[in-house]
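Understanding the architecture of this molecule
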Amino acid sequence: MPGEYAHGSQIRQALLEEKLVPPPPLPPSAFVDAVAEKPQLALDKADRDWSRMDPVFVQDVLRVMERMKARGFPMVLLEGYRSAERQNKLAGGSVKVTQAKGGESKHQYGLAADLAPVRNGKVVISERDPWAMQAYNALGEEAQAAGLTWGGVWSFRDYGHIERAGSLRALLAQRNKK
């Protein structure tokens, strides 16, 4: 019985935890420089709708974003959910954005997010910008501390990418059991 009581207490505490709310979207003008550098980030192409992502993963991302803001690096969602068609375009384009094809990326299942730092109201994605690289390295630390996978450690570096840890197959099997 004591173990059951302790477990019940943990469940009640979890239910009492505050649900974080996604920040309001930035105006299109905040993305002008980022889109100039990477046209695939245009608002009509990249999906920034938090509701299309896995709700538990969204809470993890929002907690990471809170930690980043506390460290002086406010972040914005560049892209969350991604259709298989868009994934294939990004994988097969002249400028390789990803190696994963449609159905192979956690983006298609709402379990991945691409983030970027915001400085003076503008999204900064350039890896040549020392401040942005500081932000991306901090993102890696915070994502890993939260149990997420950071794309900055991959051979195909993706500094703004974070995702649910584990194989896609295992995550989908776990989801199907619920």
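Conventions used here
- Residues numbered from 1 in each chain as written.
- Predicted model: local features only at pLDDT ≥ 70, side-chain atom pairs only at ≥ 80, totals over all residues.
- Heavy atoms only, no water.
- Core = buried A, V, L, I, M, F, W, Y, C linked by side-chain atoms within 4.5 Å.
- Buried < 20%, exposed > 50% of the residue type's maximum accessible area, 1.4 Å probe, protein only.
- Helix = DSSP H or I, 4+ residues; strand = E, 2+ residues; numbered from the N terminus.
- Contact = heavy atoms within 4.5 Å.
- Pairing = 2+ DSSP bridges.
- Axes fitted to C-alpha atoms, helices over the stretch in contact; angles between N-to-C directions.
- Parallel < 35°, antiparallel > 145°, perpendicular 65-115°, else oblique.
- Left-handed = near helix turned anticlockwise from the far one by under 90°.
- Nonpolar A, V, L, I, M, F, W, Y, C, P; charged D, E, K, R; others polar.
- 1 Å grid on protein atoms, 1.4 Å probe; cavity = no way out; pocket = protein on both sides within 12 Å on 5 of 7 lines; lining within 4 Å.
- Points joined across faces, edges and corners; volume = space filled by probe spheres on them.

Under the annotation held in an unreviewed UniProt entry, the protein carries the name M15 family metallopeptidase and is attributed to Chromobacterium phragmitis.

Attention now goes to the nonpolar core. Among the nonpolar cores identified, the biggest contains 40 residues, and Leu115, Val123, Leu139 and Ile162 are the most heavily contacted of them. When contributions to this core are tallied by element, the ones reaching two or more residues are helix 3 (55-70), strand 1 (75-79), strand 2 (112-119), helix 5 (130-145) and strand 4 (148-150). Counting residues per element, this core draws most heavily on helix 5, which supplies 8 residues. Not counting residues within four places of it along the chain, the set of residues in contact with Leu139 comprises Val64, Met68, Met75, Leu115, Trp150, Tyr159, Gly160 and Ile162.

Our next topic: the pairing of strand 2. The element strand 2 is extensively covered by neighbouring structure, given that 7 of its 8 residues are classed as buried. Relative to strand 5 (residues 161-164), strand 2 is paired through 3 bridges, and the arrangement is antiparallel. Following the sheet pairing, Ala113 is matched in strand 5 by Ile162. With 2 bridges connecting them, strand 2 and strand 3 (residues 122-123) associate as antiparallel partners. Considered in strand 3, the bridge of Arg119 is made with Lys122. Counting the residues in the hairpin turn of strand 2 and strand 3 gives 2 residues, including Asn120, whose phi is positive at 55 degrees.

Moving on to the packing of helix 3 against helix 5. Packing of helix 3 against helix 5 brings their axes to within 10 Å, and their N-to-C directions diverge by 135 degrees. Here helix 3 is positioned oblique relative to helix 5, judged by the angle of their axes. The interaxial crossing formed by helix 3 with helix 5 has right-handed handedness. Judged by residue contacts, Val64, Arg67 and Met68 of helix 3 engage Ala135, Ala138, Leu139, Glu142 and Ala143 from helix 5. A per-class count over the contact of helix 3 with helix 5 returns 6 nonpolar, no polar and 2 charged.

This part covers the layout of surface pockets. A volume near 930 Å³ is recorded for the largest pocket. Take the lining of the largest pocket: its biggest share by element is 4 residues, from helix 4 (residues 84-92). Per-class residue counts for the lining of the largest pocket are 14 nonpolar, 11 polar and 15 charged. Each pocket or cavity is described by its volume, and for the second largest pocket that value is around 500 Å³. Along its surface, the second largest pocket is lined by 20 residues, and Pro23, Pro24, Met65, Met75 and Val76 are the ones closest to its centre.

Of all the 5 residues making up strand 1, 5 are buried; the element is thus mostly covered by neighbouring parts of the structure. Across 4 bridges, the pairing between strand 1 and strand 2 is antiparallel. Bridge pairing in strand 2 links Glu79 to Asp114.

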